[in-house]
Amino acid sequence: MSTTSVERKPGWLRAKLPTSSKYREVRDLVDQNALHTVCQSAHCPNLGECWSRRTATLMILGEVCTRSCTFCAIQTGRPPELDLGEPARVAEAVRKMGLKHAVITSVARDDLKDGGASVWAATVRAIRYRNPGTGIEILIPDFRGKPEPLDVVLDARPDILNHNIETVERLQRPVRKTANYNTTLGVLRHAKSRGFTTKSGIMLGIGEQHEEIAKTLRDLRAIDVNILTIGQYLQPTPKHRPLDRWVTPEEFQEWKDFGLSIGFDVVESGPLVRSSYHADEQSAMLQERGARAG
Ligand code: SF4
């Protein structure tokens, strides 16, 4: 599988610029409702495209994360007081955006006893109440692997439970510090044991080897994860973990083919893919497959 020099960003990583009126509508909605998005906080390269499609990934529990993963651009430190009006504002924003499929994520809140699980559950319920026809996908932290907070969130009945493995087993500690490969698998396994559709994602270009990627994908399939996203790692600032390599579009296609061959229902794989990229389309594909099979 071929690579290219890490000196210069390859042309295939050029994202679309935000220009449309829909983009401005989403930006105004986020600003006026004091909301946070991972699109902005993580410096996502797809912001122009996604917001122009009127999709954004709202981030709850504030914008300050208690962890400091070496790949992630989100601000870290001591978070401010919980904002108890947040679930209702998020639900209203989903309504105003007219989302058929809402993706919500959060910072890690290891400072809270329940890791923020009660706010997560309140947010899912508020979205459901105000938007009964909207699919809800949640991209959650690991709640330190504790089943109790995870069950609080699952009891609110999201449609898709997404929790990223992020990288291969060998690189977990240098890349994620506090998180852990087996804890992540445990979160996904627990959600599956309760009958949820599960989803996970991995970044490439961070130092992993070919066989390690294949093993990670097999490990996710072994616990029946349904949807997989694979994207290029981009170093957010010089202080973050250095880039190892640019992965070519051809290699992303090979990993997509491999993922489908080992049984994932949907694989989104490409240089600009992020865990919430085209999440609405992945959910629709999964439903179509289910309808064909059923
Ligand atoms: S890929 Fe996800 S995080 Fe990035 S802009 Fe789109 S919705 Fe936001």
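Model, not experiment: these values are computed from the prediction. (Residues numbered from 1 in each chain as written. Predicted model: local features only at pLDDT ≥ 70, side-chain atom pairs only at ≥ 80, totals over all residues.)

K.L.:
Could you give an account of the overall build of the chain, with specific residues and numbers?
P.N.:
Secondary structure summary: the chain contains eleven helices and ten strands in total. Radius of gyration (C-alpha) of the chain: 18 Å, near the 19 Å computed for a compact globule of 294 residues. Its C-alpha atoms put the chain at 50 × 45 × 45 Å along the principal axes. Within the chain, buried positions represent 44% of all 294 residues. Taking the contacts inside the chain whose residues are at least 6 apart along the sequence as the reference set, 75% of them involve residues at least 24 apart. (Helix = DSSP H or I, 4+ residues; strand = E, 2+ residues; numbered from the N terminus. Rg over C-alpha atoms; globule rule 2.2 N^0.38 Å. Buried ≥ 20, exposed ≤ 12 C-beta atoms within 10 Å, placed from the backbone. Contact = placed C-beta atoms within 7 Å.)

K.L.:
Could you give me a rundown of the site of the ligand, with the residues and numbers involved?
P.N.:
Every residue close to the ligand is listed here: Val38, Cys39, Cys44, Asn46, Leu47, Cys50, Thr55, Ala56, Thr57, Arg274, Ser276 and Tyr277. Mapped by element, the contributors of at least two residues to the shell around the ligand are α2 (38–41) and α3 (47–52). Residues of the shell around the ligand, tallied by class, amount to seven nonpolar, four polar and one charged. (Near = placed C-beta within 6 Å. Nonpolar A, V, L, I, M, F, W, Y, C, P; charged D, E, K, R; others polar.)

K.L.:
Before we move on, could you go through the packing of helix α5 (residues 117–130) against helix α6 (residues 147–154) and cite the residues and values that matter?
P.N.:
Orientation of α5 relative to α6, taken along the N-to-C sense of each, is 10 degrees, at an axis distance of 8 Å. Classified by the interaxial angle, the pair formed by α5 and α6 is roughly parallel. Facing α5, whose interface residues are Ala117, Ser118, Trp120 and Ala121, α6 presents Pro149, Val152 and Val153. Of the residues in the contact of α5 with α6, the class split is six nonpolar, one polar and no charged. (Axes fitted to C-alpha atoms, helices over the stretch in contact; angles between N-to-C directions. Parallel < 35°, antiparallel > 145°, perpendicular 65-115°, else oblique.)

K.L.:
How would you sum up the sheet that holds strand β5 (residues 135–139)? Please name residues and give values.
P.N.:
Strand pairing in a sheet relies on backbone hydrogen bonds. The paired strands run either parallel or antiparallel. One open sheet holds the eight strands; their spatial order is β2-β3-β4-β5-β6-β7-β8-β10, and the pairing between them is mixed. The open sheet is flanked by β2 (36–37) and β10 (266–269), the only strands paired with a single partner. Alignment of strand β3 (residues 57–60) against strand β4 (residues 101–106), held across four bridges, turns out to be parallel. Note that in β4 the partner of Thr57 across the bridge is Val103. (Pairing = 2+ DSSP bridges.)

K.L.:
Go over unusual backbone geometry, please, and point to the residues and values.
P.N.:
In the Ramachandran plot, His43 falls in the positive-phi region, its phi being about 55 degrees despite a non-glycine side chain. By the element assignment, His43 lies in the loop between α2 and α3. The class for His43 is partly exposed, based on 14 C-beta atoms found within 10 Å. At Arg157, a position not held by glycine, the phi torsion is positive, near 60 degrees. When the 13 C-beta atoms within 10 Å are taken as the criterion, Arg157 is described as partly exposed.

K.L.:
Which residues make up the environment of Gln172, and what are the values?
P.N.:
Topologically, Gln172 is positioned in helix α7 (residues 172–176). Between the C-alpha atoms of Gln172 and Cys69, which are 103 residues apart in sequence, the distance is 9.7 Å. Gln172 has contacts with Thr167, Ala179, Asn180 and Tyr181, leaving out every residue within four places of it along the chain.

K.L.:
Residue-level account of the nonpolar core, with values.
P.N.:
Core analysis: the biggest nonpolar cluster contains 77 residues, and Val90, Val94, Trp120, Ile138 and Leu228 have the highest contact counts within it. Counting residues per element, this core draws most heavily on α5, which supplies six residues. Once residues within four sequence positions are removed from consideration, Ile138 is found in contact with Ile104, Trp120, Val124, Pro158, Leu161 and Asn162. (Core = buried A, V, L, I, M, F, W, Y, C linked by C-beta atoms within 7 Å.)

K.L.:
So what about helix α8 (residues 181–193)? Which residues, and what values?
P.N.:
The end-to-end C-alpha distance of α8 is 18 Å, a good match for the 18 Å that 13 residues give at a rise of 1.5 Å each. Considered for burial, the residues of α8 that qualify are Thr184, Leu185, Val187, Leu188 and Ala191. All buried residues of α8 fall inside an arc of 155 degrees around its axis, so they share one side. Exposed and oriented more than 90 degrees from the buried face of α8 are Asn182 and Ser193. In this fold, the buried residues of α8 make contact with α6, β6 (160–162), β7 (197–204) and α9 (210–222). One or two positions beyond α8, positive phi appears at Gly195, with a value near 90 degrees. (Expected span 1.5 Å × (residues − 1). Arc of directions from axis to C-beta.)

K.L.:
Help me get a handle on the pairing of β4, residues and values and all.
P.N.:
Among the six residues in β4, six count as buried, and that is most of the element. Burial of β4 is two-sided: the residues His101, Val103 and Thr105 facing one way and the residues Ala102, Ile104 and Ser106 facing the other way are all buried. For the handedness criterion, the β-α-β arrangement of β3, helix α4 (residues 86–97) and β4 is classed as right-handed. For the segment spanning β4, α5 and β5, crossover handedness is right-handed. (Right-handed = clockwise from strand over helix to strand, strands pointing away.)

K.L.:
Mind laying out the pairing of β3, listing which residues take part and the relevant values?
P.N.:
Each regular strand displays side chains that alternate between the two surfaces of the sheet. The alternating pattern of β3 places Thr57 and Met59 and Leu58 and Ile60 on opposite faces, both of which are buried. As defined by bridge partners, β2 adjoins β3 across two bridges and the pair is classed as antiparallel. Bridging across to β3, Thr37 finds its partner in Leu58.

The values reported here are purely geometric and, on their own, carry no functional implication.
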